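# Overview (structure and organization)
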Amino acid sequence: MIDRNRHRAVIKFSYLLLITGLPLMSQSQTSDEQAIRQLIKKQPEGWNKGNIEEYMKGYWQSDSLIFVGKKGLTYGYKNTLKNYKKSYPDRATMGKLQLDLLRIKKLSSNYYQVTGKWSLKRTVDDLQGYFT
């Protein structure tokens, strides 16, 4: 037979751990998510100033980067930057960029999956798509 007082003490202790632990877990997740949101907010600022290099600070600066676009795969940060500059040679073709976050999902302690929508407003036409 279980001692009722002991059982209540275990439940109270578990509850206390749950209440005190959750703010710490959500606080670190919140700071990670805030950093991601800041990055996504900052990228269009660089783009809309006509500064592709500033925009690209949000990309993984590695030869292992794989960019997926309408023309297929581009391998590496430098090649991706080169393609952006070729495809968007001036402010008119760059237009005004807007990024909208749809989801931030924590995959592990070091990695998040970010899904969103991008749109370009230009005088000639408008473009839009999704990113991960």
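Keep in mind the model is a prediction, meaning the values are calculated, not measured. (Residues numbered from 1 in each chain as written. Predicted model: local features only at pLDDT ≥ 70, side-chain atom pairs only at ≥ 80, totals over all residues. Heavy atoms only, no water.)

When helices and strands are tallied, the chain shows four helices and five strands. Mapped in sequence order, the helices and strands of the chain form the string α-α-β-β-α-α-β-β-β. For the chain, with 132 residues in total, the buried portion stands at 24%. Considering only residue pairs separated by 6 or more positions, the chain has 41% of its internal contacts joining residues 24 or more positions apart. Carbon together with sulfur atoms contributes 55% to the accessible area of the chain, which is approximately 10300 Å² in total. (Helix = DSSP H or I, 4+ residues; strand = E, 2+ residues; numbered from the N terminus. Buried < 20%, exposed > 50% of the residue type's maximum accessible area, 1.4 Å probe, protein only. Contact = heavy atoms within 4.5 Å. Areas by Shrake-Rupley, 256 points an atom, 1.4 Å probe, with all protein chains shown as cover.)

The next point concerns the pairing of strand β5 (residues 126–131). The side chains of a regular strand alternate between both faces of the sheet. By the bridge criterion, six bridges tie strand β4 (residues 112–121) to β5 in an arrangement that is antiparallel. Paired with Lys121 across the bridge in β5 is Asp126. Joining the antiparallel neighbours β4 and β5 is a turn of four residues. (Pairing = 2+ DSSP bridges.)

Next up on the list: the packing of aromatic side chains. Under the criterion given, the structure shown has nine aromatic pairs. For the ring pair Trp47 and Tyr84, a centre distance of 5.7 Å and an interplane angle of 75° mean the geometry is edge-to-face. Here Trp47, found in helix α1 (residues 4–48), pairs with Tyr84, found in helix α3 (residues 77–87); they are 37 residues apart in sequence, far enough to count as distant. When its relative accessible area of 2% is taken as the criterion, Trp47 is described as buried. With a centroid separation of 6.2 Å and 35° between ring planes, the pair formed by Tyr84 and Tyr88 is classed as tilted. (Phe/Tyr/Trp six-rings, centres within 6.5 Å; stacked < 30°, edge-to-face > 60°.)

Moving on, we come to the pattern of salt bridges. For the structure on display, the rule yields four salt bridges. Across the pair Asp125 and Arg122 runs a salt bridge, and its minimum N-O distance is 2.7 Å. (Salt bridge = Lys/Arg side-chain N within 4 Å of Asp/Glu carboxyl O.)

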